[in-house]
Amino acid sequence: MPHARRNPALMRTDLEFRRPALTDRAAFADWIADWQGDAYEVYDWIFARAWTDFDWYVASCERMRRNGCPPELTVPLDAQWAFANETLVGELYLFYEPLVGDNHIGYKVRPSYRRKGIATALLSHGLDQLHERGIAIARLSCRDTNLASAAVIERAGGTRVEDKRGTEGQINRRYSIPTHRSASRNQVKALYVDDVDP
């Protein structure tokens, strides 16, 4: 039975995707200002310096696209920004090798642009990028409490597989999702049969 997949009629087509660049300094400053006071910590871990050093962040994104950021990030990360009328509205992370076995895609939506279809567009673009790389099934995860992200993944055709406890003790939902609508449900479920947690 074919697996459910994105409905093109519901997709935003007004977004422009491009990699971080120094020419986007003002757009990034505006993006950062929108995150002030938000409950979600948009930049932490290896990205914490992005709050205060734009040049470093752009250079780091280029470096991580080639080499990752060992030892914390052992696989390359391709960061892409989504713009609507030159406003930075979303950030997409693509891992062409799954991060810690669980993620090919990560994304963030600007607080003032939530519930406008941006997350769906980010995920769809990420799936298309993976498909072009020859990756048939993508892995994604989100915190069990992040019902909005879970809904986006499930609407895009994600199949929930065994949950996993994260490093901070939280429960993470784990999903497999076809990058192309021809992928079958059996292919998706088979992905984790021999999966061994580290």
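For the structure itself, look to the data block above.
Below: a short report on this structure. Worth saying up front: this structure is predicted, and the values here are computed from it rather than measured.

1. A few points about the pattern of salt bridges
Pairing is possible between side chains that carry opposite charge, provided their charged atoms lie close to one another. In total, this model carries 16 salt bridges according to the counting rule given. D55 is the partner of R25 in a salt bridge, and the nearest nitrogen-oxygen pair spans 2.7 Å. Placement of R25 in helix α1 (residues 25-35) and of D55 in helix α2 (residues 54-67) is noted, with a sequence separation of 30 residues between them. According to the relative accessible area criterion, D55 is partly exposed, its value standing at 37%. With a closest N to O distance of 2.7 Å, R110 and D30 form a salt bridge. In this pair, R110 is assigned in the loop between β4 (103-109) and α3 (118-132) and D30 in helix α1, connecting sequence segments 80 residues apart. The exposure class of R110 is buried, given its relative accessible area of 5%. The exposure class assigned to D30 is partly exposed, which follows from its relative accessible area of 40%.

2. Topic: the environment of I153
Tracing the backbone through its elements, the reader meets I153 in helix α4 (residues 147-155). Each C-alpha atom, one on I153 and one on I177, is 7.9 Å from the other, the two residues being 24 residues apart in sequence. Setting aside residues no more than four positions away along its own chain, I153 makes contact with Y107, L123, L140, C142, G158, Y175 and I177.

3. Quick word on the pairing of strand β6 (residues 159-165)
Note that β6 and strand β7 (residues 171-178) share five bridges and pair antiparallel. The partner of T159 across the bridge, within β7, is S176. Here β6 folds back onto β7, and the loop between the two strands holds five residues, one of which, G169, carries a positive phi near 90°.

4. Looking at α2
The end-to-end C-alpha distance of α2 is 20 Å, a good match for the 20 Å that 14 residues give at a rise of 1.5 Å each. Regarding α2, the residues found buried are F54, W56, Y57, V58, S60, C61 and M64. Phi for G68, located one or two positions after α2, is positive at around 75°.

5. Looking at α4
Within the sequence span of α4, burial applies to S149, A150, V152 and I153. Buried residues of α4, seen end-on, are gathered within an arc of 160° and therefore sit on one face of the element. Facing away from the buried side of α4 by more than 90 degrees, the exposed set consists of L147, A148 and R155. In the segment just after α4, G157 is the residue with positive phi, at about 105°.

6. What to know about the side chain of Q80
If you trace the backbone, Q80 turns up in strand β2 (residues 78-84). Reaching out from Q80, the side chain makes a polar contact with the side chain of H125 at a distance of 3.1 Å. Once residues lying within four places of it in the same chain are set aside, the contact partners of Q80 are F17, R18, R19, P20, G90, E91, L92, L94, Y96, H125 and Q129.

7. Considering the sheet that holds strand β5 (residues 137-143)
Note on sheets: strands pair through backbone hydrogen bonds, and any given pair is parallel or antiparallel. The three strands are arranged β5-β7-β6 in an open sheet whose pairing can be described as antiparallel. For this open sheet the edge positions go to β5 and β6, each flanked by a neighbour on one side alone. Neighbour-to-neighbour, the strand axes of this sheet turn through a mean angle of 25°, independent of strand direction. Here β5 runs beside β7; their pairing, made up of seven bridges, is antiparallel. Looking across to β7, one finds that A138 is bridged to I177. Together, β5 and β7 form the strand contacts of α4, whose direction differs from that of β7 by roughly 20°.

What counts, and at which threshold
- Residues numbered from 1 in each chain as written.
- Predicted model: local features only at pLDDT ≥ 70, side-chain atom pairs only at ≥ 80, totals over all residues.
- Heavy atoms only, no water.
- Salt bridge = Lys/Arg side-chain N within 4 Å of Asp/Glu carboxyl O.
- Helix = DSSP H or I, 4+ residues; strand = E, 2+ residues; numbered from the N terminus.
- Buried < 20%, exposed > 50% of the residue type's maximum accessible area, 1.4 Å probe, protein only.
- Contact = heavy atoms within 4.5 Å.
- Pairing = 2+ DSSP bridges.
- Expected span 1.5 Å × (residues − 1).
- Arc of directions from axis to C-beta.
- Polar contact = N/O pair within 3.5 Å; in protein donor to acceptor, adjacent residues only side chain to side chain.
- Axes fitted to C-alpha atoms, helices over the stretch in contact; angles between N-to-C directions.

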